[in-house]
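A look at the structure
Read off the chains here:
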Amino acid sequence: MLEEIISLEERSQAIIELHNETESDFIREEYIITHNALVKQVQMLYEKLLADNESIPRSESLYIEKKDPLGICDIQNIDSIVPPNLVWIPQTRQYAISVAGTVIRGNLANIYNKRLIQSNNIRNVHACFGRTECPRVATGTCDYYHYPDDLYIMYKSGALSAQRFEAEIAKGRTFSTTSWMYDIHNAKTRKNKFMRTFGSLSTIQQDIAYLKSVDSKREVLDFKEQVMHDLLVLAILKKNGIE
Ligand SMILES: [Zn+2]
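Quick caveat: nothing in here was measured; it's all calculated off a predicted structure. (Residues numbered from 1 in each chain as written. Predicted model: local features only at pLDDT ≥ 70, side-chain atom pairs only at ≥ 80, totals over all residues.)

Once that is clear, we can look at the overall build of the protein. Along the backbone of the protein there are eight helices and six strands. Starting at the N terminus and walking to the C terminus, you meet the elements of the protein as α-α-β-β-β-β-β-α-α-α-β-α-α-α. Counting the 243 residues in the protein, one finds 21% classified as buried. Partitioning the contacts of the protein with sequence separation of at least 6, the portion at a separation of at least 24 is 49%. (Helix = DSSP H or I, 4+ residues; strand = E, 2+ residues; numbered from the N terminus. Buried ≥ 20, exposed ≤ 12 C-beta atoms within 10 Å, placed from the backbone. Contact = placed C-beta atoms within 7 Å.)

Below, the structure is given as structure tokens:
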């Protein structure tokens, strides 16, 4: 069944790429319909796996395994000091690196445009406000993204079963294409919550003042995950002789 899921996910990923490349609205709609159907099939298969009381294996199409192709060492303790190179945290299935004292954790994410996210009701894009207090994650009914660190805390405290922890981790992360865009003025209106409100050299002081004035925890956590995504893409490019 896992092979079937992986093959469906690969097809749906290929369709997203075609969708993003095409100019024709009509063809884009067709791609969306096909993608939607594939997502439903994948969801049904995952639910069947869960119902069969099997632990849900990680999808190879969602995650790059740490040893192949990147050759990265493991750390066994989530609280270990992270050396200044990429390491792999098996518990949370994340890569980690320490940069100037800041520990960055994350993994490769799927990146879809906003239209596709909305038309397909794609979940796990926005981080959940509830964090470790979310009452819905234990039943698998929360539509929002939960940081693996938070899930691990919940699992260790007994708030999540091992099976649910695995299932939540396996969902991975999705970002909107606009998550990599910066617009300080957007911070005032927050019309597009996926956009960055900090990071430009000329406005960094204003950005910091803004971040201090709001609850910026999730925004910074998301930024860290995006940084890790970019670092992994760079590592993969190098591994493939592109630099
Ligand atoms: Zn939640």
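Next up on the list: the nonpolar core. Among the nonpolar cores identified, the biggest contains ten residues, and these are Ile15, Ile16, Tyr31, Ala109, Tyr112, Leu116, Ile117, Val125, Tyr145 and Phe175. For this core, the secondary structure elements donating two or more residues are α1 (2-21) and α3 (114-119). Each of domain 1 (1-74) and domain 2 (78-239) gives at least three residues to this core. With eight residues, the next largest nonpolar core counts Val137, Leu151, Tyr152 and Met154 among its residues. (Core = buried A, V, L, I, M, F, W, Y, C linked by C-beta atoms within 7 Å. Domains from an automatic or database assignment.)

Axis separation between helix α4 (residues 148-156) and helix α5 (residues 162-170) bottoms out at 10 Å; the angle between their running directions is 175 degrees. If you check the angle between α4 and α5, you find them roughly antiparallel. Contacts from Pro148, Leu151 and Tyr155 of α4 reach α5 at Ala162, Phe165, Glu168 and Ile169. Tallied by class, the residues present in the contact of α4 with α5 amount to six nonpolar, no polar and one charged. (Axes fitted to C-alpha atoms, helices over the stretch in contact; angles between N-to-C directions. Parallel < 35°, antiparallel > 145°, perpendicular 65-115°, else oblique. Nonpolar A, V, L, I, M, F, W, Y, C, P; charged D, E, K, R; others polar.)

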